[in-house]
Amino acid sequence: MSKKKKPISINIRCQCEDSAVKRPESLLVTVYCKGCGKVFRTNTKKDLCFDWERKR
Ligand SMILES: [Zn+2]
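Residues numbered from 1 in each chain as written. Predicted model: local features only at pLDDT ≥ 70, side-chain atom pairs only at ≥ 80, totals over all residues. Heavy atoms only, no water.

A.B. asks: Would you mind going over the nonpolar core with me for this structure?
C.D. replies: Inside soluble globular proteins, nonpolar side chains tend to come together where they are buried. In this structure, V31, C33, F40, L48 and C49 together form the largest nonpolar core, which totals 5 residues. Not counting chain neighbours up to four residues away, the residues in contact with V31 comprise K38, V39, F40, T42, K46 and D47. (Core = buried A, V, L, I, M, F, W, Y, C linked by side-chain atoms within 4.5 Å. Buried < 20%, exposed > 50% of the residue type's maximum accessible area, 1.4 Å probe, protein only. Contact = heavy atoms within 4.5 Å.)

Structural data, given as structure tokens:
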């Protein structure tokens, strides 16, 4: 079992989920989508989620 806590924990989420997207986790912020109200994370300053932008 590897449930040991690391001395320095900068990343809150498991990095396994972001293996496909190679971007610094620290730049991501949680934002509410103004289109559908969904909570998403982005590294850019915008108010619409990726799904919503695709539909436009
Ligand atoms: Zn949305």
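A.B. asks: Whenever I open this one, the pattern of salt bridges confuses me. Can you help?
C.D. replies: Enumeration over the complete set of coordinates arrives at 4 salt bridges. Put simply, K46 and E53 hold a salt bridge, and the shortest N to O gap is 3.2 Å. Residue class for K46 comes out buried when judged on its relative accessible area of 18%. Residue R54 is joined to D51 by a salt bridge in which the shortest nitrogen-to-oxygen separation is 3.9 Å. Taken together, the residues R54 and D51, both in helix α1 (residues 50–55) and 3 residues apart, mark about one turn of the helix. Here R54 falls in the exposed class, since its relative accessible area comes to 68%. Taken together, the shared-partner salt bridges connect K38, D51 and R54 into one network. (Salt bridge = Lys/Arg side-chain N within 4 Å of Asp/Glu carboxyl O. Helix = DSSP H or I, 4+ residues; strand = E, 2+ residues; numbered from the N terminus.)

A.B. asks: Explain the side chain of T42 to me, please; I cannot follow it from the model alone.
C.D. replies: With respect to the secondary-structure elements, T42 resides in strand β2 (residues 39–42). Separated by 3.1 Å, the side chains of T42 and T44 make a polar contact. For T42, the contacting residues outside a window of four places in its chain are L27, L28, V29, V31 and F50. (Polar contact = N/O pair within 3.5 Å; in protein donor to acceptor, adjacent residues only side chain to side chain.)

A.B. asks: Quick question: what am I supposed to make of the coordination of the zinc ion here?
C.D. replies: When four donors bind a metal tetrahedrally, each ideal donor-metal-donor angle is 109.5 degrees, and when six bind octahedrally, the ideal angles are 90 or 180 degrees. Of the protein atoms, only C33 (SG), C36 (SG) and C49 (SG) coordinate the zinc ion, at distances of 2.2 Å. All donor residues of the zinc ion come from one chain, and their arrangement in sequence is C-x2-C-x12-C. Linking C36 in the loop between β1 (29–32) and β2 with C49 in the loop between β2 and α1, this pair joins segments that are 13 residues apart in sequence. Classification of C36 as partly exposed rests on a relative accessible area of 44%. (Donors = N, O, S within 2.8 Å, 3.2 Å for Na, K, Ca; no water.)

That is the geometry; function is a separate question.
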